[in-house]
Amino acid sequence: MHTVVESIATGNPSFRKPQPETAEFMQQIERLPEALRARLPSLYEQSAIDYRYSCVDDYGEDDPEAFTFFPENWSLDPAPSTRERNEKYKEAAIPLAEDVAGRALDGADTEADEITHVVAVSCTGFFAPGLDIELVKRLDLPADTGRTFIGFMGCYAAFNALRVAHSFCQSQPDARVLVVCTELCTLHFQIDDTLESVVVNSLFSDGAAATVLSARSDREARGRMTYVDGRSRLDDDSMEDMTWAIGNTGFLMGLSSRVPDVIADHLPGYVDGLLGANDRTPDEMDFWAVHPGGRAVVERAQDVLGLAPSDVQASLEVLRRYGNMSSPTVLFVLKRIFEQAARGDGAPPERGVAMAFGPGLTIEGALFERA
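Sequence order as written defines residue numbering, which begins from 1 separately in each chain. Restriction of local features to residues with pLDDT of at least 70 applies here, the model being predicted, together with a cutoff of 80 or more for giving and counting side-chain atom pairs; totals for whole chains, interfaces and linings are based on all residues. In computing side-chain properties, one takes all heavy atoms of the structure into account and sets aside hydrogens as well as water.

A. Expanded view of helix α3 (residues 82–107). Here a helix means four or more residues in a row that DSSP labels H or I, a strand means two or more in a row labelled E, and each is numbered from the N terminus. The span one expects for a helix is its residue count, reduced by one, times 1.5 Å. Between its terminal C-alpha atoms α3 stretches 36 Å, which fits the 38 Å expected from 26 residues at 1.5 Å a residue. Its axis deflected by about 30° at Ala-93, α3 carries its strongest bend there, up to four residues before the proline Pro-95. Take the seven residues that end at a residue and the seven that start at it, fit an axis to each, and the angle between those axes is the bend at that residue.

B. Region of interest: the packing of helix α2 (residues 34–46) against helix α6 (residues 195–203). To obtain each axis, a line is fitted to C-alpha atoms, and for helices this fit is confined to the stretch in contact; angles are then taken between N-to-C directions over 0 to 180 degrees. At a minimum axis separation of 11 Å, α2 and α6 run at an interaxial angle of 40°. The pairing of α2 with α6 is recorded here as oblique in orientation. Judged by the twist between their axes, the crossing of α2 over α6 is right-handed. In this structure, α2 uses Leu-36, Arg-39, Leu-40, Leu-43 and Tyr-44 to contact α6, whose residues at the interface are Leu-195, Val-198, Asn-201 and Ser-202. Any residue outside Ala, Val, Leu, Ile, Met, Phe, Trp, Tyr, Cys, Pro, Asp, Glu, Lys and Arg is labelled polar, Gly included; the first ten of those are nonpolar and the last four are charged. Across the contact of α2 with α6, the residue classes break down as six nonpolar, two polar and one charged. Put simply, angles under 35 degrees are roughly parallel, angles over 145 are roughly antiparallel, angles from 65 to 115 are roughly perpendicular, and the rest are oblique. Left-handed describes a crossing whose near helix is turned anticlockwise from the far helix through less than a right angle; right-handed describes the clockwise counterpart. Whether two residues are in contact is decided by their heavy atoms, any of which lying within 4.5 Å being enough.

C. The arrangement of helix α4 (residues 131–138) in detail. Buried within α4 we find Leu-131, Asp-132, Leu-135 and Val-136. The arc that holds the buried residues of α4, viewed along the axis, is 140°, so those residues lie on one side. Where α4 is buried, its residues touch α3, β4 (117–122), β5 (146–151) and β6 (176–184). Backbone geometry just after α4 places Asp-140 at a positive phi near 60°. For each residue, the accessible area found with a 1.4 Å probe, counting protein chains only, is set against the maximum for its type, and the residue is called buried under 20%, exposed over 50%, and partly exposed in between. Relevant arc is that of directions from the helix axis to the C-beta atoms, nothing else.

D. Summary view of the sheet that holds strand β11 (residues 287–290). Between any two strands, at least two bridges found by DSSP are needed for them to pair. Read from one edge of the open sheet, nine strands run β5-β4-β6-β7-β1-β8-β13-β12-β11, paired in mixed fashion. This sheet does not close on itself; its edge strands, each paired only once, are β5 and β11. If you compare each strand with its neighbour and ignore which way they point, the axes differ by 25° on average. Strand direction decides the pairing type here: β4 and β6, joined by five bridges, are parallel. Across the sheet, Val-121 pairs through a bridge with Cys-181, a residue of β6.

E. Expanded view of a negative patch on the surface. A cluster of like negative charges, contributed by Asp-106, Asp-109, Glu-111, Asp-113, Glu-114 and Asp-140, occupies part of the molecular surface. Its relative accessible area of 62% is what places Asp-106 among the exposed residues. Patch construction takes residues with relative accessible area above 30% that form no salt bridge. Like charges are linked within 9 Å, and nonpolar side chains (Val, Leu, Ile, Met, Phe, Trp, Tyr) are linked within 5 Å. Surface accessibility in these figures is a Shrake-Rupley result with a 1.4 Å probe; residues are shielded only by whichever protein chains are displayed. One side-chain nitrogen of Lys or Arg within 4 Å of one carboxyl oxygen of Asp or Glu is enough to make a salt bridge. A residue counts as positive if it is Lys or Arg and as negative if it is Asp or Glu; His and the chain ends are not included. Charge positions are represented by NZ for Lys, CZ for Arg, CG for Asp and CD for Glu.

F. Inspection of the pattern of salt bridges at higher detail. Going through the model one piece at a time under the given rule, you end up with 23 salt bridges. Here Glu-6 makes a salt bridge to Arg-216, at a shortest N to O gap of 2.8 Å. Of this pair, Glu-6 sits in strand β1 (residues 2–11) while Arg-216 sits in strand β7 (residues 206–216), placing them 210 residues apart in sequence. The pair Glu-6 / Arg-216 is uniform in exposure class, with both members buried. Here Asp-50 and Arg-320 are joined by a salt bridge, their closest N and O atoms 2.8 Å apart. Separated by 270 residues along the polypeptide, Asp-50 in the loop between α2 and β3 (51–54) and Arg-320 in helix α10 (residues 313–322) bring together distant segments of the chain. Overall, the relative accessible area of 32% leaves Asp-50 in the partly exposed class. Using a relative accessible area of 30% as the deciding quantity, one classes Arg-320 as partly exposed.

G. Spatial organisation of unusual backbone geometry. Cis geometry marks the peptide bond from Ala-128 to Pro-129; its omega dihedral reads -5°. Inspection of the secondary structure puts Pro-129 in the loop between β4 and α4. Along the chain, Gly-360 connects to Leu-361 via a cis peptide bond; the corresponding omega equals -10°. With respect to the element layout, Leu-361 can be found in the loop between β12 (351–358) and β13 (362–370). Of note, the phi angle at Asp-140 is positive, near 60°, even though the residue is not glycine. Note on placement: Asp-140 falls in the loop between α4 and β5. Classification of Asp-140 as exposed rests on a relative accessible area of 62%. At Asp-279, a residue that is not glycine, the phi angle is positive and equals roughly 55°. Structurally, Asp-279 is set in the loop between α8 (259–276) and β11.

H. Structural view of the packing of α3 against α4. At a closest axis distance of 10 Å, the pairing of α3 and α4 adopts a crossing angle of 50°. With respect to each other, α3 and α4 are oriented oblique. Handedness of the α3/α4 crossing: right-handed. Touching Tyr-89, Ala-93, Ile-94, Ala-97, Glu-98 and Ala-101 of α3 are Leu-131, Glu-134, Leu-135 and Arg-138, all from α4.

I. Molecular detail of the state of the cysteines. Any cysteine sulfur atom paired with another within 2.5 Å is treated as part of a disulfide. Taken as a whole and judged by the stated rule, the model has zero disulfides. Looking at the unpaired Cys-55, the closest cysteine sulfur is the one in Cys-185, lying at 9.7 Å. For the unlinked cysteine Cys-155, the closest cysteine sulfur is that of Cys-123, found at 7.1 Å.

J. Region of the structure containing the side chain of Ser-7. Tracing the backbone through its elements, the reader meets Ser-7 in strand β1. Of the residues examined, Ser-7 reaches a relative accessible area of 10% and is grouped as buried. Any pair of nitrogen or oxygen atoms within 3.5 Å is treated as a polar contact; in protein, a donor-acceptor pairing is required on top of that, and neighbouring residues in sequence qualify only through side-chain atoms on both sides. Of note is the side chain of Ser-7, whose polar atom sits 2.7 Å from the backbone oxygen of Ala-104. Residues in contact with Ser-7, not counting those within four places in the same chain, are Ala-104, Gly-107, Ala-108, Ala-210, Thr-211 and Val-212.

In structure tokens:
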């Protein structure tokens, strides 16, 4: 059996903000030191991001008296509690996940009663009954749908979800698996007088993506994009370079400036291991879906893997248009690549590698091929 990628659907909350205007909003926060506030425009410009999305409308307000999430002052003090942020997460995440999941089913021409498994992914909020159960109920999926939730893994979590879906497809001939990644990163904006915090605030955005994967025979899969294999690589010396912790005022991210270099050190070996295990070589790949964790991450990956500018175009375009949305982001990149022929941009891609990076410091990825 082959694991066929039937469809990918993506979506964002309705509030969209140009990056320069986001920098202007941040400059008005009185608790930020003046030296950091002065650097905001250049730091945000260097991000290579034009727009970001949020479930928090306050970021678009000029008058704090109009705020509904933050306190009504430019100190944003007292900061919303973790409980308040999580309540907002539940309010916004459920309809966003339902929307992309429904459109993924439509794109796959799959009826709700055909779905055998749901894999829900998120690291920006939690509740129970969770997103997995909400999706079963709201999409009218079978009551015996197998459910898996993957939480708190960060930007690479989509690959763990794909690996789980692949296992279902390889073990159950009628498997139809719905994977849904939903992240509301901007709920966890933190006011901190460090450059690290300012950089984190400049990168992250809100979004969701869903994909349907199906077990298909050789005949059914012929000519279609399939998930072939996935691999993980954990660095032994960078546990503190990227972290995600629960604090009293939301979730707290640690992001070291070493991250792009650490990724670059391990990426060639990771790619060789993934492709070598499948009797493939890098020069046989005709697409590379690099998770755009930031411009420096993409540029370092391009450099150490010897990729052409066209190989990272989709990654940089997703970064430019959406920012880093954590786990759904690489599915946004894959969707652009897989739809290349439909856009009239050339022949459909035959095979390629997708990869993402997150706490650990860990590289996760997968090999895709047209059957």
